[in-house]
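Below, each chain spelled out in residue letters.
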Amino acid sequence: SAWGVVYNETVNIATFVIMGVGVDDAFLIVRTLEDLLTPTEDVQSRIAEALGDAGSSVFLSSMTNVLAFALGSATPLPALRSFCIYASAGMALDFFFQVTFFIAVLTLDEERRLNGKCSMAPCVASPPTPSCLQSTDGGAWGKAQASLSNIAQAVFQSPSLRSLCLFVYACSTAASMIAAFGIPVGLQ
């Protein structure tokens, strides 16, 4: 909007499109990293190799989206033009943050994981454990996930808490339905 591009209701949809592409790129990079997991290499080498393998796919899909939305901005429809301009810029920024910020956070998380720390916050120190990824019974759930599951199971055994959760869910659903009828329809 700072460059004179009109911001309208259709531009809000671009946020979800960009988030979908960003999550897909993140899953691709993480999956490639998991496939390359070799304990003899250092974290930076594995991250570099994973980005080398997945980077071309991430780059190609992101730049295709940037170009497609940039071409779509030539349309005479003002609402669609605004959507395409915002989406094209958003896709370019999404790619930039995938290969900079996300890779940096992934590197920190990988170092945390390989040091055996099961903390959900990398700034909080926790004692090293044999493995954060496998439970003691050898199942697919990690220790952290199993303990959270046990806590949730204990909390929701109470009939009053279950009733409270159901009540909050029903109220939020009703409020959402009431608010949905107040949304104005139209394009600028």
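Look up a bit, the structure's there.
Residues numbered from 1 in each chain as written. Predicted model: local features only at pLDDT ≥ 70, side-chain atom pairs only at ≥ 80, totals over all residues. Heavy atoms only, no water.

**Re the packing of helix H1 (residues 11-35) against helix H3 (residues 78-114)**
Right, on to step 1. The interhelical angle for the contact between H1 and H3, taken along N-to-C directions, is 30 degrees, at an axis separation of 9 Å. Between H1 and H3, the interaxial angle falls into the category roughly parallel. Along this stretch, H1 crosses H3, giving a crossing that reads as right-handed. Between H1, through Val 11, Ile 13, Ala 14, Val 17, Ile 18, Val 21, Gly 22, Asp 25, Ala 26, Ile 29, Val 30 and Leu 33, and H3, the contact on the second element is made entirely by Ser 82, Phe 83, Tyr 86, Ala 87, Gly 90, Met 91, Asp 94, Gln 98, Phe 102, Ile 103, Leu 106 and Glu 110.
Right, on to step 2. Of the residues belonging to the contact of H1 with H3, the class tally is 17 nonpolar, 4 polar and 3 charged. (Axes fitted to C-alpha atoms, helices over the stretch in contact; angles between N-to-C directions. Helix = DSSP H or I, 4+ residues; strand = E, 2+ residues; numbered from the N terminus. Parallel < 35°, antiparallel > 145°, perpendicular 65-115°, else oblique. Left-handed = near helix turned anticlockwise from the far one by under 90°. Contact = heavy atoms within 4.5 Å. Nonpolar A, V, L, I, M, F, W, Y, C, P; charged D, E, K, R; others polar.)

**What about the pattern of salt bridges?**
Right, on to step 1. Taken as a whole and judged by the stated rule, the model has 3 salt bridges.
Right, on to step 2. Taking the shortest distance from any N to any O, the salt bridge between Arg 31 and Glu 34 comes out at 3.6 Å. Here Glu 34 and Arg 31 lie together in helix H1, a separation of 3 residues that amounts to about one turn.
Right, on to step 3. You can call Glu 34 partly exposed: its relative accessible area is 48%.
Right, on to step 4. Its salt-bridge partner being Asp 35, residue Arg 31 comes within 3.6 Å of it at the nearest N-O pair. Remark: Asp 35 and Arg 31 occur in helix H1; sequence separation between them is 4 residues, near one turn of the helix.
Right, on to step 5. Judged by relative accessible area, Asp 35 falls into the exposed class, the value being 53%.
Right, on to step 6. A cluster of three or more residues bridged by salt bridges with shared partners is formed by Arg 31, Glu 34 and Asp 35. (Salt bridge = Lys/Arg side-chain N within 4 Å of Asp/Glu carboxyl O. Buried < 20%, exposed > 50% of the residue type's maximum accessible area, 1.4 Å probe, protein only.)

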